[in-house]
Amino acid sequence: MQKSRRITLIVILTIVAILAVSTIAFFAYVGMYYHADESIVPAFMSSDEFVNVEYHKDAKFYSFEPKTSYDSAFVFIPGGKVEAKAYAPLMHEIAKGGVLCILLEVKFNLAILDKNAPKGIQDNYKDVNNWIIGGHSLGGTVASIYLSKNPTEYKGIVFLASFPEKDISSLDIKCLQIYGTCDKILKRNQFEAAKSKCPKQTREFIIEGGNHAQFGAYGAQRGDGVANISNSEQWAITAFEVLQLFA
């Protein structure tokens, strides 16, 4: 009987130890992420004459609202292990073009752990009729997963250095795929293979000299190529192409 109890105790302690090590490893992993560049981002997190910026604490998103009238909105999911605020410059630039931008905060900066983050966002803006979803890298992939389960919520999707995981080719929506020629993170073979999963109305745009990280403002990304254009140029080009999707 005592031997049986000892074995049971050893099994329990082993399980507890494995769970403890796994928990520590998980939090160590998610604790290492790309932070927004504080020398750049704060200026774009503030309201100005064109855009009103607000943080919605309870709903976990930042809104970049044009100060002119608008009826279109862009819901954006950050890249994997990138702080949401890093995309403030791009969101601000798009909002200046007359489109409401919703920048989502996701759990542990990993959208794959927060696939339903876009849920309910549209309830906050009843007057907006034209909604498009998108994201950078892993964020774009998660956007496609969400869209596949909620096909009537959005009229388009944007992939920044990204591609769909789920097959959304049957959806009658617009799609834009953008990446830079200096991007060394985007897996081109997977990108090409996933084209069959994209909607028929898909347009591809390649940014000459752009790389992976400069869609946001979080510094250099490990393994990425060196861009031949400035981050502000890449934001401006990207914003212009995204805005065409709302035309």
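Right above here is the structure, for reference.
So, here's what we can say about the structure. (Residues numbered from 1 in each chain as written. Predicted model: local features only at pLDDT ≥ 70, side-chain atom pairs only at ≥ 80, totals over all residues. Heavy atoms only, no water.)

## A few points about the environment of Thr202
Here comes step 1: Mapped onto the secondary structure, Thr202 falls in strand S8 (residues 201–207).
Here comes step 2: Put simply, Thr202 and Gln177 are 25 residues apart on the chain and 7.4 Å apart in space, counted from C-alpha to C-alpha.
Here comes step 3: Look past the residues within four positions of Thr202 in its chain and what remains in contact with it is Cys175 and Gln177. (Helix = DSSP H or I, 4+ residues; strand = E, 2+ residues; numbered from the N terminus. Contact = heavy atoms within 4.5 Å.)

## Some words on helix H5 (residues 231–244)
Here comes step 1: Here H5 contains 14 residues, and its C-alpha end-to-end distance of 20 Å stays within 8% of the 20 Å for a straight helix at 1.5 Å per residue.
Here comes step 2: At its buried positions, H5 is contacted by strand S3 (72–77), helix H2 (88–96), strand S6 (156–160), strand S7 (174–180) and S8. (Expected span 1.5 Å × (residues − 1).)

## Section: the packing of aromatic side chains
Here comes step 1: With the rule as written, the count across this model stands at 9 aromatic pairs.
Here comes step 2: Consider the rings of Tyr87 and Tyr218, whose centres lie 6.4 Å apart with planes at 55°: the pair is tilted. One end of the pair, Tyr87, is in the loop between S3 and H2; the other, Tyr218, is in the loop between S8 and H5, with 131 residues separating them in the sequence.
Here comes step 3: For Tyr218, a relative accessible area of 6% gives the class buried.
Here comes step 4: Among the aromatic residues, those joined into a cluster by ring pairs are Tyr34, Phe74, Phe76, Tyr87 and Tyr218. (Phe/Tyr/Trp six-rings, centres within 6.5 Å; stacked < 30°, edge-to-face > 60°. Buried < 20%, exposed > 50% of the residue type's maximum accessible area, 1.4 Å probe, protein only.)

## Concerning the pairing of strand S4 (residues 100–104)
Along any regular strand, the residues point their side chains to alternate faces of the sheet.
Here comes step 1: With 5 of its 5 residues buried, S4 lies for the most part within the structure.
Here comes step 2: Strand direction decides the pairing type here: strand S2 (residues 61–66) and S4, joined by 4 bridges, are antiparallel. Pairing of Ser63 across the sheet is with Ile102, part of S4.
Here comes step 3: The pairing of S3 with S4 spans 4 bridges and is classified as parallel. By the bridge assignment for S4, Phe76 is matched with Leu103.
Here comes step 4: Following the backbone out of S3, through H2 and into the adjacent parallel S4, one traces a crossover that is right-handed. (Pairing = 2+ DSSP bridges. Right-handed = clockwise from strand over helix to strand, strands pointing away.)

## A closer look at the environment of Glu105
Here comes step 1: Of note, Glu105 is situated in the loop between S4 and strand S5 (130–136).
Here comes step 2: In this structure Glu105 comes out as partly exposed when scored by relative accessible area, which is 25%.
Here comes step 3: Between the C-alpha atom of Glu105 and that of Ala84, which follows or precedes it by 21 residues, the distance is 5.6 Å.
Here comes step 4: Setting aside residues up to four positions removed in sequence, Glu105 forms contacts with Tyr55, Lys60, Phe61, Tyr62, Ala84 and Asp114.

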